[in-house]
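Chain by chain, the residues run as shown.
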Amino acid sequence: MLELDAFGAFSKLKTPFYYYDTALLRRTADFVAAEAARYGITVHYAVKANSSGKIIREFVSRGFGADCVSGAEVLLADSCGVPAEKIFFAGVGKSDAEISDALRIGIGAFNCESLQEMEVIDDMAAGLGVKARVALRINPDVDAHTHRYITTGLSENKFGIYSHEFDRAIELLKTSERLEFVGLQFHIGSQITDIENVIRAECGKINGITEHFESRGLLVRSIDLGGGLGVDYEDPDGNPVPDFTAWFRTIGECLRRRPDQIVHVEPGRAMVAQCGTLVSRVLFVKCGKTRNFLVLDAGMNDLIRPALYGAYHKIENLSAYYERGSDVRDCAYDVVGPVCESSDVFGEHRILRRSYRGDLIAIRSAGAYGSAMSSRYNLRPPAPDVFSDEIVNFANL
Ligand SMILES: Cc1ncc(COP(=O)(O)O)c(C=O)c1O
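Calculation notes
- Residues numbered from 1 in each chain as written.
- Predicted model: local features only at pLDDT ≥ 70, side-chain atom pairs only at ≥ 80, totals over all residues.
- Heavy atoms only, no water.
- Helix = DSSP H or I, 4+ residues; strand = E, 2+ residues; numbered from the N terminus.
- Rg over C-alpha atoms; globule rule 2.2 N^0.38 Å.
- Contact = heavy atoms within 4.5 Å.
- Areas by Shrake-Rupley, 256 points an atom, 1.4 Å probe, with all protein chains shown as cover.
- Lys, Arg positive; Asp, Glu negative; His and termini not counted.
- Charge placed at Lys NZ, Arg CZ, Asp CG, Glu CD.
- Near = heavy atom within 4 Å.
- Polar contact = N/O pair within 3.5 Å; in protein donor to acceptor, adjacent residues only side chain to side chain.
- Axes fitted to C-alpha atoms, helices over the stretch in contact; angles between N-to-C directions.
- Left-handed = near helix turned anticlockwise from the far one by under 90°.
- Nonpolar A, V, L, I, M, F, W, Y, C, P; charged D, E, K, R; others polar.
- Disulfide = S-S within 2.5 Å.
- Buried < 20%, exposed > 50% of the residue type's maximum accessible area, 1.4 Å probe, protein only.
- Domains from an automatic or database assignment.
- Buried area = accessible area lost by both parts, 1.4 Å probe.
- Salt bridge = Lys/Arg side-chain N within 4 Å of Asp/Glu carboxyl O.
- Parallel < 35°, antiparallel > 145°, perpendicular 65-115°, else oblique.
- Pairing = 2+ DSSP bridges.
- Core = buried A, V, L, I, M, F, W, Y, C linked by side-chain atoms within 4.5 Å.

**Student:** Where do I start with the overall build of the protein in this structure?
**Tutor:** Secondary structure summary: the protein contains 13 helices and 16 strands in total. Computed over its C-alpha atoms, the radius of gyration of the protein comes to 23 Å, within 12% of the 21 Å expected for a compact globule of 397 residues. Referenced to the eigenvectors of the C-alpha coordinate spread, the extents of the protein come out at roughly 70 × 40 × 40 Å. Taking the contacts inside the protein whose residues are at least 6 apart along the sequence as the reference set, 73% of them involve residues at least 24 apart. For the protein, the accessible area works out to roughly 16,600 Å², and carbon and sulfur atoms hold 50% of it. Seen as two clouds, the 44 positive and the 54 negative side-chain charges of the protein have centres 4 Å apart.

**Student:** I would appreciate a short explanation of the site of the ligand in the present structure.
**Tutor:** Near the ligand there are 14 residues, and of these K48, S190, E266, R269 and Y369 occur at the shortest range. In the model, an oxygen atom of the ligand is placed 2.2 Å from a nitrogen or oxygen of the S190 side chain. Y369 is positioned with one of its side-chain polar atoms (N or O) 2.5 Å from an oxygen atom of the ligand. Surface burial for the ligand is 94%, taken as the share of its 400 Å² of free accessible area covered by protein chains.

**Student:** I would appreciate a short explanation of unusual backbone geometry in the present structure.
**Tutor:** A negative phi angle characterises most non-glycine residues, just as the trans form characterises most peptide bonds. Geometrically, the link from T15 to P16 is a cis peptide bond, its omega value of -5° lying close to zero. Along the chain, the position of P16 falls in the loop between α1 (7-12) and β1 (17-20).

**Student:** Looking at this structure, I do not really get the packing of helix α2 (residues 22-39) against helix α3 (residues 53-60). What am I missing?
**Tutor:** Helices that pack against each other are described as a pair by the angle of their axes relative to one another and the distance between those axes. With their axes 10 Å apart at the nearest point, α2 and α3 run at an angle of 35° to one another. Two packed elements cross with a definite hand, and for α2 against α3 that hand is right-handed. Residues T22, L25, R26 and A29 of α2 pack against K54, I55, E58 and F59 of α3. Considered class by class, the residues forming the contact of α2 with α3 number four nonpolar, one polar and three charged.

**Student:** Looking at this model, I keep getting lost on the state of the cysteines. Mind explaining?
**Tutor:** By definition, a disulfide links two cysteine residues through a covalent bond between their sulfur atoms. As enumerated under the stated definition, the model contains zero disulfides in all. We note that C203 lacks a disulfide partner, and the nearest cysteine sulfur, in C254, lies 5.2 Å from it. Using a relative accessible area of 0% as the deciding quantity, one classes C203 as buried.

**Student:** Explain the domain arrangement of the protein to me, please; I cannot follow it from the model alone.
**Tutor:** Where interface size is given, it is often the accessible area lost as the parts come together that is meant. Domains assigned within the protein are domain 1 (7-17 + 274-394) and domain 2 (23-271). Just the C-alpha atoms count here: the centres of domain 1 and domain 2 sit 33 Å apart. Opposite the 21 residues of domain 1 that make contact, domain 2 presents 22 residues. Broken down residue by residue, the surface that domain 1 buries against domain 2 is led by Q274, Y309 and Y369, which jointly contribute 33%. The interface formed by domain 1 and domain 2 includes four salt bridges. Measuring nitrogen to oxygen at the nearest pair gives 2.9 Å for the salt bridge that ties D389 to K54. At the junction of domain 1 and domain 2, the tally comes to eight residue pairs in polar contact (both at pLDDT 80 or more).

**Student:** Looking at this model, I keep getting lost on the packing of helix α4 (residues 71-79) against helix α5 (residues 96-105). Mind explaining?
**Tutor:** The contact between α4 and α5 brings their axes to 9 Å, and the two run at 25°. Judged by the inter-axis angle, α4 sits roughly parallel to α5. Helix-helix and strand crossings are classified by hand; for α4 and α5 the assignment is left-handed. Where α4 abuts α5, its residues G71, V74, L75 and D78 lie against E98, D101, R104 and I105. Looking at the contact of α4 with α5 residue by residue, the classes come out as three nonpolar, one polar and four charged.

**Student:** Help me out: how do you make sense of the side chain of E73 in this one?
**Tutor:** Of note, E73 is situated in helix α4. It turns out E73 is buried and unbridged, and the closest side chain with the opposite charge, K48, is 7.3 Å from it. Of the polar contacts made by the side chain of E73, one reaches the backbone nitrogen of V69; its length is 2.9 Å. Residues within four places of E73 in sequence aside, it is in contact with V47, K48, D67 and C68.

**Student:** Please clarify how the sheet that holds strand β6 (residues 132-137) should be interpreted in this entry.
**Tutor:** Adjacent strands of a sheet form backbone hydrogen bonds with each other and so pair up, either parallel or antiparallel. The sheet built from eight strands closes into a barrel, its strands ordered β2-β3-β4-β5-β6-β7-β8-β9 with parallel pairing. Between one strand and the next, the sheet's axes are offset by a mean angle of 30°, whatever the strand orientation. Examined bridge by bridge, strand β2 (residues 42-46) and strand β3 (residues 65-68) share three bridges and lie parallel to one another. Counterpart to H44 in the pairing with β3 is G65.

**Student:** Would you mind going over the environment of S371 with me for this structure?
**Tutor:** As for its placement among the helices and strands, S371 is situated in the loop between β15 (360-363) and β16 (385-387). Excluding anything up to four places from it in sequence, S371 contacts Y18, Y20, N50, D302 and D385.

**Student:** Looking at this model, I keep getting lost on the nonpolar core. Mind explaining?
**Tutor:** Core analysis: the biggest nonpolar cluster contains 97 residues, and F110, M118, L136 and F213 have the highest contact counts within it. Mapping this core onto the domain boundaries places at least three of its residues in each of domain 1 (7-17 + 274-394) and domain 2 (23-271). The contacts of F213, once residues within four sequence positions are left out, are L136, I138, F166, I170, L184, L218 and V220. F7, F17, Y19 and I391 belong to the second largest nonpolar core, which has 15 residues in total.

In structure tokens:
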């Protein structure tokens, strides 16, 4: 159950809102910083997971860089104080305006995803009279054993440069006067839980590909393994901090690296998922012949992962637990939102304490790809972010 020192303040807030446990966020960040230092790994936070300025600044203060996938993310990272050389810009479709902004800022590297993109960056850098640092995003053809919508490292995927294009990419890098090659980047997918096997396979492929580039005269100064570390959606209280140690240790054991080679990772989900909760109220309890529905005031526009991926989020009735502790009868509910789509479902047949109109409901592990993927569908206003260390400021929302 979500621990709630602030339950009093909670019940005064207008729902839905995203609640972030700042202490857990900091504990996770401190742990990642310590473990990364132990294994000689550099961390770039994947801003796409949650683009709250407060969260980014927590990471900046621990020396993490930023992995960005749009021009707006690059500008946000810059404005939050991420040093330009620690901002990396990935994505299969960078627009001219986005490339131009990033060149002007002087970011650490463009993670190039196609030969054509390399040519465009080369031309634009020439036009601006600057150099562009580039890393090549390589598609390593490794199965991340995760949902097909969040697998990105298979050869038939749209992401990265394919192996049959390596020699042309190498030629371009050797002949360009504007492109400065910094290294190779990989990202095979998200919510990876089979760390040992998947990361071992990824490192095996990376070792071979790095050797290929170096044997053709390109020095691979940095190797970026992407993000992907999974979190425990079933038991957020049992496993609030994901297993960064196993991830870094496996990389340390399996990746062949020279002492002067920089090794990066770009975690998003694992940094922020467990500290976030979507808090909502029950609008109505509908009892059908075979199913009971809890209709919440949060919908798929606030948290789309269940509708998009069939993703599981633990759901808890906070009011039943904290206010009606003695009534412990359980009931099965389909927990749904108010949006006019039948896919607006947070969970089917969930066993919860008996629930009533007005109860506060917590949808856990929602810190990553929650508010970041939210929309205004049905003209619904965005759920605000509320941080535990600032909760009193929100009590009159
Ligand atoms: C290139 C890249 N790096 C990092 C990430 C972050 O992944 P995760 O949130 O699973 O750690 C993603 C997510 O899709 C990505 O596409």
